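Observations on the three-dimensional arrangement
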Amino acid sequence: MTAQSKLENLKVEALSKMQAASSSQALYNVKVEFLGKNGLLTEIMKEMASLSKEEKPAFGKSVNEVKQALEQAYEGFETALKAKEIEEKMNSEEVDLTLPGFTRPRGSVHPVHLVINEIYSIMSRLGYAIRQGPLIELDSYNFEALNIPADHPARDMQDTFFIDKTHVLRTHTSPIQIHSLESEKPPLRIIGTGAVFRCDSDISHLPHFHQIEGMCVDRKVSMGDLKGTISFFVKEFFGGDLKTRFRPSFFPFTEPSAEVDCTCPICKGKGCSMCKHTGWIEIGGCGLINPKVLAHAQVKYPEWQGFAFGFGIERMAIIKYGVDDIRLFPENDLRFLRQFEM
Ligand code: PHE
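Residues numbered from 1 in each chain as written. Predicted model: local features only at pLDDT ≥ 70, side-chain atom pairs only at ≥ 80, totals over all residues. Heavy atoms only, no water.

Some points on the overall build of the chain
To be explicit about the condition: Only DSSP runs of H or I covering at least 4 residues are called helices, and only runs of E covering at least 2 are called strands; the numbering of each starts at the N terminus. Values of the radius of gyration come from C-alpha atoms, whereas the globule rule sets the reference at 2.2 Å times the count of residues to the power 0.38. For every residue, the accessible area obtained with a 1.4 Å probe (protein chains only) is divided by the maximum for its type, and the residue is called buried under 20%, exposed over 50%, and partly exposed between those limits. In what follows, residue pairs with any heavy atoms lying within 4.5 Å of each other are defined as contacts. With residues, only the protein chains shown are counted as cover, and all accessible areas are computed by Shrake-Rupley using a 1.4 Å probe. In this tally Asp and Glu are treated as negative and Lys and Arg as positive; neither His nor the chain ends contributes. Charged side chains are reduced to one point each, which is NZ for Lys, CZ for Arg, CG for Asp and CD for Glu.
Helix and strand counts for the chain stand at 12 helices and nine strands. For 342 residues, the compact-globule estimate of 2.2 N^0.38 gives 20 Å, and the chain exceeds it by more than 25% at 40 Å. Taken along its principal axes, the extent of the C-alpha atoms in the chain is 120 × 50 × 40 Å. Among the 342 residues that make up the chain, the fraction classed as buried is 42%. Expressed as a percentage of contacts within the chain between residues at least 6 apart in sequence, the contacts between residues at least 24 apart total 68%. Surface accessibility of the chain: about 19,500 Å² in total, with carbon and sulfur atoms responsible for 55%. Here the chain contributes 40 positive and 45 negative side-chain charges, whose respective centroids are spaced 3 Å apart.

Structure representation (structure tokens):
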């Protein structure tokens, strides 16, 4: 048999095998058998050796033509077989529309924001408006305008994250008071919340936490107004049976000043590591605005007087939800966060 007729036979055989293939996999196997790297078409090239110089080019051309024809045939059969297979699969498989679907996990409000939202809702009922301030503050807003002189221990490198000589990450929300005093005219009732930063970290302190700042400036403002406002706020926020106490304290920007404590929710006042065995948890400070602060912001005293308070939001969340480690708030462990889903 001549090389040419062997080639013809091979083509016929390949085509009939392709036609007989009953699945796309079987068809592929035929392709490999004939057109693969070590397939029969490669094999037949060896016939070249026995051909004369004149016959070689014609034979090479024929081999290429057969190869192309087979590839084309393969594609045609493959398309048809694949379509048939999909059709069969669709007919044989059933879709059970009664199966429950996949529920996508939904995010929920972080407990810190739950507290912030509730603070807004309580204080707006008392006529307080919401204000914000920058996280990166000028030293003058974070300290100077609040009557914290350059040598005050609160400015110590241990407490404050300094950005450069004049900028700090705000260590409290009290600079919001100054922004408001400078840009608005009294009477003022404002509330501000947000992140604050301190070089501090243990079971009851975080380097990055949140505060709420409240300020009221009006014609006549007394310590009684302050206590009344805070007592109302604490009662609304925590519910009836929690005790609050005011302890005399010191802040450069308030005079007189007090600290506000609530009964420790973990030990109910008996004493535990959370409350450092005092039975009380401090939620923040307050006082009548120091006239020096008002003067610095060009607000006339005693025509205008004011009170201010600043509470730690994570502290408030701890008390409200009975959380025993403040570090759970920034960790964002889903097992913790899911307990606050509504
Ligand atoms: N800024 C104070 C602090 O961070 C809290 C405070 C606010 C005290 C307003 C008095 C008045 O500790």
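That covers the picture; the talk isn't over yet.
Some words on the side chain of Ser180
When you line up the elements, Ser180 lands in helix H7 (residues 175-183). Each residue touching Ser180, except ones within four places of it in the same chain, is listed here: Leu188, Ile190 and Met215.

Let's talk about the sheet that holds strand E7 (residues 254-263)
Our working definition: Any two strands between which DSSP finds at least two bridges are classified as paired. Think of each axis as a best-fit line through the C-alpha atoms, taken over the contacting stretch in the case of a helix, with angles from 0 to 180 degrees between the N-to-C directions.
Pairing within the open sheet is mixed, and its seven strands lie in the order E1-E4-E5-E9-E8-E7-E6. Looking along the sheet, the strands with just one partner apiece sit at the ends: strand E1 (129-131) and strand E6 (244-251). Strand-to-strand twist in this sheet, taken as the mean axis angle between neighbours without regard to direction, amounts to 25 degrees. With eight bridges connecting them, strand E5 (residues 208-218) and strand E9 (residues 305-312) associate as antiparallel partners. Bridged to Ile212 within E9 is Phe311. Contacting E1, strand E4 (188-197), E5 and E9, helix H5 (residues 111-125) runs over the sheet at an angle of about 170 degrees to E4. Against the sheet, helix H8 (residues 223-238) touches E5, E6, E7, strand E8 (280-289) and E9, its axis set at about 30 degrees to E9.

Here we look at the site of the ligand
What counts here: One heavy atom suffices: a residue is near a molecule or strand as soon as one of its heavy atoms comes within 4 Å of it. Polar contacts here mean pairs of N or O atoms no more than 3.5 Å apart (in protein, one a potential hydrogen donor and the other a potential acceptor; neighbouring residues in sequence count only if both atoms are side-chain atoms). In the cavity and pocket records, a cavity denotes points on a 1 Å grid over the protein atoms alone where a 1.4 Å probe fits but cannot get out, a pocket denotes an open set with protein on both sides within 12 Å along at least 5 of 7 lines, and lining residues are residues with an atom within 4 Å of a point. Pocket or cavity membership: a molecule qualifies when more than half of its atoms sit within 2 Å of the grid points of that site. Any residue that is not Ala, Val, Leu, Ile, Met, Phe, Trp, Tyr, Cys, Pro, Asp, Glu, Lys or Arg is counted as polar, Gly included; the first ten are nonpolar and the last four charged.
Around the ligand sit 14 residues in total, of which His172, Ser174, Arg198, Gln211 and Gly310 are the nearest. Taking His172, its side chain carries an N or O atom lying 3.0 Å from a nitrogen atom of the ligand. At a separation of 2.9 Å, a nitrogen atom of the ligand approaches a polar side-chain atom of Ser174. For the ligand, whose accessible area on its own is 320 Å², the fraction buried by protein is 91%. Among the cavities detected, the one that contains the ligand is the largest pocket. When residues of the shell around the ligand are traced back to their parent elements, those giving at least two are E5, E8 and E9. Among the elements that make up the shell around the ligand, the one with the highest residue count is E9 (three residues). Residues belonging to the shell around the ligand are distributed by class as follows: five nonpolar, seven polar and two charged.

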